Amino acid sequence: GHECSPSPMESSRAHPWRDWAEWEACYADLFALDDPAARARGVQRVATWRSRGRVPLAVESTAVLAELELSTALSEPVLCLALGMALTRLVNGVVDPMQQRARGPSVQ
């Protein structure tokens, strides 16, 4: 029947995740603060999405921050630098579209 055929929105994939169930599962994994295995699964899923196409900045940043939190291989100074870079990228990604206007608002 028609239940098995994809909707027009699903057939023209404009995002790297399979469906909203996959999106919700990834969200749950990334925010499973007491479950490092689930968080690692969420980070891996976002890495898979990156290989398929563009990932929204908020998703990308959340995965990077989760990955850094899970990392045991980085020294404290390197971890601090990596966290600073990840947060700077997030802020720039949020603010840059506002700065594209003729006179962008001040970033304070």
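This text follows the structure it describes.
The present account deals with the structure reproduced in this document. (Residues numbered from 1 in each chain as written. Predicted model: local features only at pLDDT ≥ 70, side-chain atom pairs only at ≥ 80, totals over all residues. Heavy atoms only, no water.)

### Observations regarding the environment of Leu 57
And then number 1: Tracing the sequence through the fold places Leu 57 in helix H4 (residues 57-70).
And then number 2: Here Leu 57 falls in the partly exposed class, since its relative accessible area comes to 23%.
And then number 3: Once the C-alpha coordinates of Leu 57 and Gly 93 are considered, the two residues, 36 residues apart in sequence, prove to be 6.9 Å apart.
And then number 4: Leu 57 has contacts with Arg 89, Leu 90, Gly 93 and Val 94, leaving out every residue within four places of it along the chain. (Helix = DSSP H or I, 4+ residues; strand = E, 2+ residues; numbered from the N terminus. Buried < 20%, exposed > 50% of the residue type's maximum accessible area, 1.4 Å probe, protein only. Contact = heavy atoms within 4.5 Å.)

### Some details on the side chain of Arg 39
And then number 1: Along the polypeptide, Arg 39 turns up in helix H3 (residues 36-52).
And then number 2: Excluding its chain neighbours within four sequence positions, the residues that come into contact with Arg 39 are Asp 29, Leu 30, Ala 32, Leu 33, Ala 66, Glu 69 and Leu 70.

### A few points about the nonpolar core
And then number 1: With ten residues, the main nonpolar core is built from Trp 17, Cys 26, Leu 30, Val 43, Val 46, Trp 49, Val 55, Val 59, Ala 63 and Ala 66.
And then number 2: The set of elements that each furnish at least two residues to this core consists of helix H2 (20-30), H3 and H4.
And then number 3: For Leu 30, the contacting residues outside a window of four places in its chain are Arg 39, Gly 42, Val 43, Val 46, Thr 62, Ala 63 and Ala 66. (Core = buried A, V, L, I, M, F, W, Y, C linked by side-chain atoms within 4.5 Å.)

### Quick word on the pattern of salt bridges
And then number 1: A complete count under the given rule lists six salt bridges for this structure.
And then number 2: The residue Glu 22 makes a salt bridge to Arg 18 at a minimum N-O spacing of 3.8 Å.
And then number 3: Note that Arg 52 and Glu 22 form a salt bridge whose closest N and O atoms lie 3.9 Å from each other. With Arg 52 in helix H3 and Glu 22 in helix H2, the pair connects residues that are 30 residues apart, well separated along the chain.
And then number 4: Of the residues examined, Glu 22 reaches a relative accessible area of 6% and is grouped as buried.
And then number 5: Where salt bridges share partners, they join Arg 18, Glu 22, Arg 45 and Arg 52 into one cluster. (Salt bridge = Lys/Arg side-chain N within 4 Å of Asp/Glu carboxyl O.)

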